[in-house]
Structures are given as structure tokens and as C-alpha cells.
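The lines below spell out each chain.
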Amino acid sequence: MNLQKHVSLNLNLRGLGESPTLAMSERCRVLREEGKEVFNMSIGQSPFPVPNSVVKALKMYAREKTYLPVRGLPELRTAVAEHHKQKDGVNLTADNILIGPGSKVLMYLLQLSFYGEIVVPTPCWVSYVPQAQLIGRQVQLINTTYEEKWHLTAENLEELCQSEHDTYRPRIVILNYPGNPDGGSYTADELKNIADVAREYEVILLSDEIYGQLHHKGEHVSVAKYYPEGTIISSGMSKWCACGGWRLGTFAFPDKLDWLMNAMSDAASQTYTSVSSPIQWAGVTAFKGSVEIERYLWHARRIFSQLSGQCAEMLRDAGARVHDPEGAFYLFPDFSPIADNLEKRGINGSVELCDAILCENHVATIPGAAFQRPENELTLRMSYCNFDGNKALAASETIPLHENLPDDFLEKYCGKTLESTKRICDYVNTGA
Ligand code: PMP
Ligand code: GLU
């Protein structure tokens, strides 16, 4: 097992840097303003419109203007609890739910409020580790491998708990599935095994399930089903409801961890107060769900599933190794099988690779290093969501859901994403 400790105990924010996903998106905006063509596969946001009923609710509640309770609007907390009950089979009530301005902020408050060690398998989403750095906290990274499908295994978790002769050190392990940056998910058996180890060593799991509803087959399983007493489910509206900019995230706590929820809620009351009232009211409609929203989700899943399959095939044809995503809208190719060709051209790591692809073939991606991978690894994250989601959704809605999308659909409605992928393939194959 490849363990790596990130110790950042001096509180020095110089050098923290802007979040790489947001910084790269800004770089694309500036390049476009300069009149340059850029294919932006850097930011991860749903291309689809917000479901109509949710937009309608937001309009209806635009006049809501009072501060809401710190923990969230009671109606919304009830709707979120019911949502997890129905989708994930876990028993929760409104009292278990905390609403925040994005799950990102809730994760930061969690790191602030918890006193133990944070364990993060890599590749991992770009902000978990910098958030720890912001508060001078120690992080234990576990580097997973391509062969392990970038998954944390129960064996690795157990080895970590035993390795430091500090077996019962308070720990939070962050799991994220479907995963950013790789789109992979865990099987029920893998989750059960992880849950058993977590229970044995009293590890808390922060299960980041923000992409749960975007499992391409609609088969998302939460680890909370197997370890309800020790799992916090992190979710929100940003991805499945396509409104990242609205800023609404949710944490669902087991009863046993109410001390942690209380500490976070106190911190919230001294910082952001509460989430915007109209957004919370609109959230009630989103989390209550409807036939319209279920249909919308199936259309989104079908498009993402077929598009990711085609992009993955193109990457493999170009010599990369990549797992077919099972959810979300990211691919995480590893170009190490064609490292010789890249090294000949002076590319020895992901940052160089990412820069070269942007400068020469105008596609913006995020280097594997931003996901805590070794600097010399030739991995990249590609967000395959840079197509017109309004048009793609409208076209998909004319095709019955039990059918596959026709052959020309992706070329017609997701052509920009296919073109971006082709440009990456062309770059890595130049001179081969
Ligand atoms: N977790 C993961 C894996 C993410 O990709 C993101 C990015 N949106 C977040 C958490 C944070 O999402 P939000 O703050 O919009 O809820
Ligand atoms: N989560 C998105 C991404 O990984 C962007 C938003 C963010 O990082 O806050 O691209």
C-alpha cells in the first residue's frame, strides 16, 4: 500500500493557490476574451438545465427574504431525509440533516470541527486536501492504483488502521463515488467490506455522494446502508439538479454523531448564518422529487453513459488506459502506456501534459497532480460535459428511454465534447 502523509501544521496560506478547477476555467474565459478558441473540459458542472419545476419554485419563492434557521429550512431538512430514506434505504429524520451553502463549505466545517485524522484515498477531488491545509490539519493520503480501479480497498483501510500502532486514533475517511476525477463507483460488496473495517476500528466515513443520482445505470448504493451508525452522507443540488451556482449542499448525520453536527452548526452560525431562503424553498421541490425529475435524470444518465463510453474508446485507441466511467461526468485517462512518445517531446508529468494540450490543441483539462497524484504520473481529468445540454436534453426527450440513442446523436448534440477528446488524442499521438 502506498501511504503518504501530508503534514501542513503551520498555518501559512501563502502558496495555497486557487482551486485548480476554478483557476483553469478562469484561464479559459480569459483566452476566449482574447479571441482564442478553447475547448473547456476543465470545470465539472452539469450541462443540463435546472428541472422546470425547480426553477418555477425558485421564482415563486423569490420574495422569501428572512434569515432561515442555521441548520436549514425544516421543510427542506425533512425532504432531504425522505430523499435519502427512499433512494439509499437509510433511516433519517429532519434532525439528522444540515443544510449549507454547498457541500464544499460543509466539508470545510467538518474538518474544522473534527479533532482526529483525515484519511483521503487518491485520486481525490481537488479541495479535500487544500481545505485541510487552510486549517493546518494533517492528512493521511492512500494512493490507490489504476489496477484497483482507483478504489480504496477494505484491506488497505485495515492496514492503515493497524500500521501506526495507533489503531483507534479518531479518523474520518473520505470516500467519493461516483468519483471525481474518475467517474468510478464501488460495488455493494466493496462497500460492505469497507463498512466492516470502519465499524471494527470506529472510523467515521464521510461519504461524498454528490454524484449519486448521476450513476449512469441509476444503481447508486450508499455505504450508509451497511454502516448507518458511522457514515455521514454528503450531497446537494449542484450536480444532479444542475445548479452548482445556486450553492446548496447537504450533510446527513447518524444520531451518534450529533455532537459533530452541533459543532458544525455553531461554526455555521458564526460564519454564513444560513443558506439563501429562496434557494432552500426551491430545494424542497428538488428533494421531494417528481416524475418529471426522475425522467430528467434518466435522460441525463443515458447521454452521459453513451458519451463517456465513446470518449473512453477514443482514448484507448490513442494508447491511453482508462476505466469506463460508471457515473458523474469525468474521465481520468492515464497516458503511461505511451509515455515514451510524450517524454521524447519533453512531457514528464501531468502539469506539463495539461499545459501542452491547452497551448497546442486548445483543450483545457486538469492535471492528475491536482488530484494528489504523483507529479510524474501522466493522468488527466477530462470533464465530458462541454456540450449544449439544453439541446441534447430536448433531443433525448424525443427518443423513448428504453432505447439507446441513435448512432448520430452524440456527433449531433455532443460534437464539441467528441472534438475535444479527438484533439487530446491527436496531441498524444503526434510524432508516434
Ligand atoms: N465533492 C465533489 C466530489 C465535487 O466534485 C464537488 C464539486 N462540486 C463538491 C464536492 C462540492 O460541491 P458543492 O459545494 O457544489 O456541493
Ligand atoms: N466540483 C467541480 C469540479 O471538480 C467544480 C466546482 C468546485 O470545485 O467547487 O470541477
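Shown above is the structure to which this text applies.
Remember, predicted model here, so these are calculated numbers, not experimental data.

S.K.: Describe the overall build of the chain, naming the residues involved and giving the relevant values.
M.R.: When helices and strands are counted, the chain shows 15 helices and 13 strands. A globule of 432 residues ought to have a C-alpha radius of gyration of about 22 Å, and the chain, at 21 Å, matches this closely. Across its three principal directions, the C-alpha atoms of the chain cover 60 × 55 × 40 Å. Among the 432 residues that make up the chain, the fraction classed as buried is 57%. When contacts within the chain are restricted to residue pairs at least 6 apart in sequence, those whose partners lie at least 24 apart make up 77%. For the chain, the exposed area adds up to about 18,000 Å²; of that, 49% sits on carbon and sulfur atoms.

S.K.: I'd like a description of the nonpolar core, backed by residues and values.
M.R.: Within the largest apolar cluster, 121 residues are counted, with the highest numbers of intra-cluster contacts made by F251, F335 and L353. Considering every element that reaches this core, the biggest residue donor is helix α10 (residues 291-317), with ten residues. When sequence neighbours within four positions are dropped, the list of residues in contact with L353 reads F335, L342, I347, L378, L380, Y427 and V428. With 22 residues, the next largest nonpolar core counts L160, C161, L175 and Y226 among its residues.

S.K.: Kindly report on the packing of aromatic side chains, identifying the contributing residues and their values.
M.R.: Tallying each qualifying case throughout the model produces 19 aromatic pairs. Here W150 and F332 contribute two aromatic rings whose centre-to-centre distance is 5.3 Å and whose plane-to-plane angle is 75°, an arrangement assigned as edge-to-face. Within this pair, whereas W150 is found in the loop between β5 (139-143) and α6 (154-163), its partner F332 is found in the loop between β10 (330-331) and α11 (339-344), the two being separated by 182 residues in sequence. Residue W150 shares its accessibility class with F332, and that shared class is buried. Ring geometry for W240 versus F287: centroids 5.5 Å apart, planes at 85°, classification edge-to-face. Here F287 lies in helix α9 (residues 277-288) and W240 lies in the loop between β8 (231-236) and β9 (249-252), a separation of 47 residues in the sequence. Counting every residue linked through ring pairs, the aromatic cluster contains F48, Y211, F304, F329, Y330, Y384 and F387. The ring of W298 is capped by R301, whose NZ or CZ atom sits 4.4 Å from the centre of that ring. A cation over an aromatic ring shows up here: R345 above the ring of Y427, its NZ or CZ 4.3 Å from the ring centre.

S.K.: Give a description of the site of ligand 2 that names residues and reports values.
M.R.: In the vicinity of ligand 2, the contacting residues are T21, I43, G44, K104, W125, N180, K239, Y330 and R381. A distance of 2.7 Å separates an oxygen atom of ligand 2 from a polar atom in the side chain of K104. In the model, a nitrogen atom of ligand 2 is placed 3.4 Å from a nitrogen or oxygen of the K239 side chain. Out of a free accessible area of 290 Å², ligand 2 has 86% covered by protein chains. When its residues are assigned to classes, the shell around ligand 2 shows three nonpolar, three polar and three charged.

S.K.: I'd like to hear about the state of the cysteines, residue by residue, with values.
M.R.: Each disulfide is one covalent bond, formed between the sulfur atoms of two cysteines. Applying the stated criterion across every chain yields a total of zero disulfides. With no disulfide of its own, C385 has C311 as its nearest cysteine by sulfur position, at a separation of 11 Å. Of the residues examined, C385 reaches a relative accessible area of 8% and is grouped as buried. For the unlinked cysteine C425, the closest cysteine sulfur is that of C311, found at 8.6 Å. We classify C425 as buried; its relative accessible area is 7%.

S.K.: Describe in detail the pairing of strand β13 (residues 380-383), supporting the description with residues and values.
M.R.: Side chains L380 and M382 of β13 all project onto a buried face; the interleaved residues R381 and S383 project onto the opposite face, where all are buried too. Relative to β13, β10 runs antiparallel, the two being bridged by two bridges. Bridging from a neighbouring strand, Y330 pairs with S383 of β13. With two bridges connecting them, strand β12 (residues 366-367) and β13 associate as antiparallel partners. Paired with P367 across the bridge in β13 is L380.

S.K.: Report on the site of ligand 1, specifying residues and quantitative values.
M.R.: Taken together, 14 residues are adjacent to ligand 1, and N180, D208, Y211, S238 and R247 come closest. The side chain of S103 places a nitrogen or oxygen atom 2.7 Å from an oxygen atom of ligand 1. In isolation ligand 1 has 400 Å² of accessible area, and contact with the protein removes 93% of it. Top element by residues in the shell around ligand 1 is helix α4 (residues 103-113). It accounts for three residues. Along the lines of polarity and charge, the residues of the shell around ligand 1 split into five nonpolar, five polar and four charged.

S.K.: I'd like a rundown of the side chain of T231, residues and numbers included.
M.R.: Among the structural elements, T231 can be located in strand β8. On the accessibility criterion, T231 (3% relative accessible area) is buried. A distance of 2.7 Å separates a polar atom in the side chain of T231 from the backbone oxygen of Y227. Sequence-distant contacts of T231, defined by excluding residues within four places in its chain, comprise L205, S207, V223, A224, A252 and P254.

What counts, and where the lines are drawn
Residues numbered from 1 in each chain as written. Chains lettered and ligands numbered in written order. Predicted model: local features only at pLDDT ≥ 70, side-chain atom pairs only at ≥ 80, totals over all residues. Heavy atoms only, no water. Helix = DSSP H or I, 4+ residues; strand = E, 2+ residues; numbered from the N terminus. Rg over C-alpha atoms; globule rule 2.2 N^0.38 Å. Buried < 20%, exposed > 50% of the residue type's maximum accessible area, 1.4 Å probe, protein only. Contact = heavy atoms within 4.5 Å. Areas by Shrake-Rupley, 256 points an atom, 1.4 Å probe, with all protein chains shown as cover. Core = buried A, V, L, I, M, F, W, Y, C linked by side-chain atoms within 4.5 Å. Phe/Tyr/Trp six-rings, centres within 6.5 Å; stacked < 30°, edge-to-face > 60°. Lys NZ or Arg CZ within 6 Å of the ring centre and 35° of its normal. Near = heavy atom within 4 Å. Polar contact = N/O pair within 3.5 Å; in protein donor to acceptor, adjacent residues only side chain to side chain. Nonpolar A, V, L, I, M, F, W, Y, C, P; charged D, E, K, R; others polar. Disulfide = S-S within 2.5 Å. Pairing = 2+ DSSP bridges.

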